[in-house]
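Breakdown of the fold
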Amino acid sequence: MRYPIVMSHRPWQALLLAILLLLALSACGLGQEALPEPTPTRTPHATFTPTPEGQVANAHLFQTPVAAESAATTVAMLPTDTPTPIPTDTPIPEPTATFTPEPTPTPQAPVIFSGQVVNVRSGPGTNYGAVGQISPNQRYTVTGKNQASTWWQIDFNGREGWVIDDLVSSEGVFDGVQVASAPPPPPTATRRPPTATPVPAATQPPARRYEFNIAVVGACRRQPGGNWFAGTVYKGGQPANGYRVVFSYAADGPWATGPAISGPHPGYENWAPGYYSHIISAAGAIAGTWHVWIVDPNGARISEIASWTSTGPGEGCNEAVVDFDSR
């Protein structure tokens, strides 16, 4: 079917439309040529401006865009220094009191002493030789005893010595003192009869003034180790026990030691009848003249005086034998 071409009856409207179309196209071309190219501008960088502590400078520079539907702007805060905790004083613990026990007192070592001169022997008995003497009030440590506890072993200036209990005093703790091994007893010495000084036939015995009218120095032997003397007390030619013999540096002078009792007596049970002994020096012989006599229980002299002289160091006369008799 063919449709008939309808021609517009308004030619001026078509013409107007064409003119507007040309103008529009011309405007587009001219606009592009007339507008100058935009000059790029430099975006300034953010600078740091100090602000008081706790505030953030140029906070707007740290805004972070968010989704379109959110109008809120998040501001990123600059990190701040984390404060270092200030150490507090550590409390010092109170000192703990410690208990110190009282020291246990040390038991006093046993010692012996005497108010008089006492012989010190090499063993627990008078049959042992004398090794010295203890002086009055000198103290010696006890190191042992004999089985019967009648003799004490002592430290006698670094060597072993024995003293009889009857003549000494003691103090300290004796419970722990052990029985000491004593040396073997010395062989029994054969006593020689005293040698009297010959009296001329024409000479009569002295008139009796004392109970013992004879005092004789029978011998003086060589002895380098010390000074001592010994002898026998007789009565009518027979040994007599229980008499007190003393000696001094002068006739009738002060006694050098206490009396030595003749014959067996407490502590000297093994002595021969009438025998006595005195030590002058056990640490070496000394020179001097000695005077010897007998006293009664009250200290009064009851005999004649015998005298002898020691020569001191060496092999001279240092050990005398002095005998007494009553006839």
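Below is a summary of the structure that appears in this document. The model shown is predicted, which means the values in this text are computed figures rather than measured ones. (Residues numbered from 1 in each chain as written. Predicted model: local features only at pLDDT ≥ 70, side-chain atom pairs only at ≥ 80, totals over all residues. Heavy atoms only, no water.)

1. Thoughts on the nonpolar core
- Within the largest apolar cluster, 20 residues are counted, with the highest numbers of intra-cluster contacts made by Phe229, Val233, Tyr276, Val292, Trp308, Val322 and Phe324.
- Listed by contribution, the elements that provide at least two residues to this core are strand 14 (244–248), strand 16 (275–281), strand 17 (287–295), strand 18 (306–311) and strand 19 (317–325).
- The greatest single-element share of this core, amounting to four residues, is contributed by strand 19. (Core = buried A, V, L, I, M, F, W, Y, C linked by side-chain atoms within 4.5 Å. Buried < 20%, exposed > 50% of the residue type's maximum accessible area, 1.4 Å probe, protein only. Helix = DSSP H or I, 4+ residues; strand = E, 2+ residues; numbered from the N terminus.)

2. Let's talk about the packing of aromatic side chains
- All chains considered together, the criterion is met by 10 aromatic pairs.
- Aromatic side chains Trp271 and Tyr275 sit 5.3 Å apart centroid to centroid with 85 degrees between the ring planes, which places their arrangement in the edge-to-face category.
- Since its relative accessible area comes to 7%, Trp271 is described here as buried.
- Given a relative accessible area of 17%, Tyr275 falls into the buried group.
- An aromatic cluster is defined as three or more aromatic residues linked by ring pairs; in this entry it consists of Phe229, Phe247, Tyr249, Tyr276, Trp290 and Trp308. (Phe/Tyr/Trp six-rings, centres within 6.5 Å; stacked < 30°, edge-to-face > 60°.)

3. Notes on the sheet that holds strand 17
- The strand order 15-14-17-18 describes an open sheet built from four strands, whose pairing is antiparallel. On the outer flanks of this sheet lie strand 15 (260–261) and strand 18, each paired with one strand and no other.
- Relative to strand 15, strand 14 runs antiparallel, the two sharing two bridges. Residue pairing in the sheet places Arg244 in a bridge with Ile261 of strand 15. (Pairing = 2+ DSSP bridges.)

4. Overview of the pairing of strand 11 (residues 227–232)
- Counting buried positions along strand 11 gives five out of six residues, so the element sits mostly inside the fold.
- When strand 11 meets strand 16, the two strands line up antiparallel, connected through six bridges. Bridge pairing links Trp228 to Ile279 in strand 16.
- Across three bridges, strand 11 lies against strand 19 in parallel orientation. If you follow Phe229 over to strand 19, its bridge partner there is Ala320.

Spatial relationships are all this shows, so hold off on functional conclusions.
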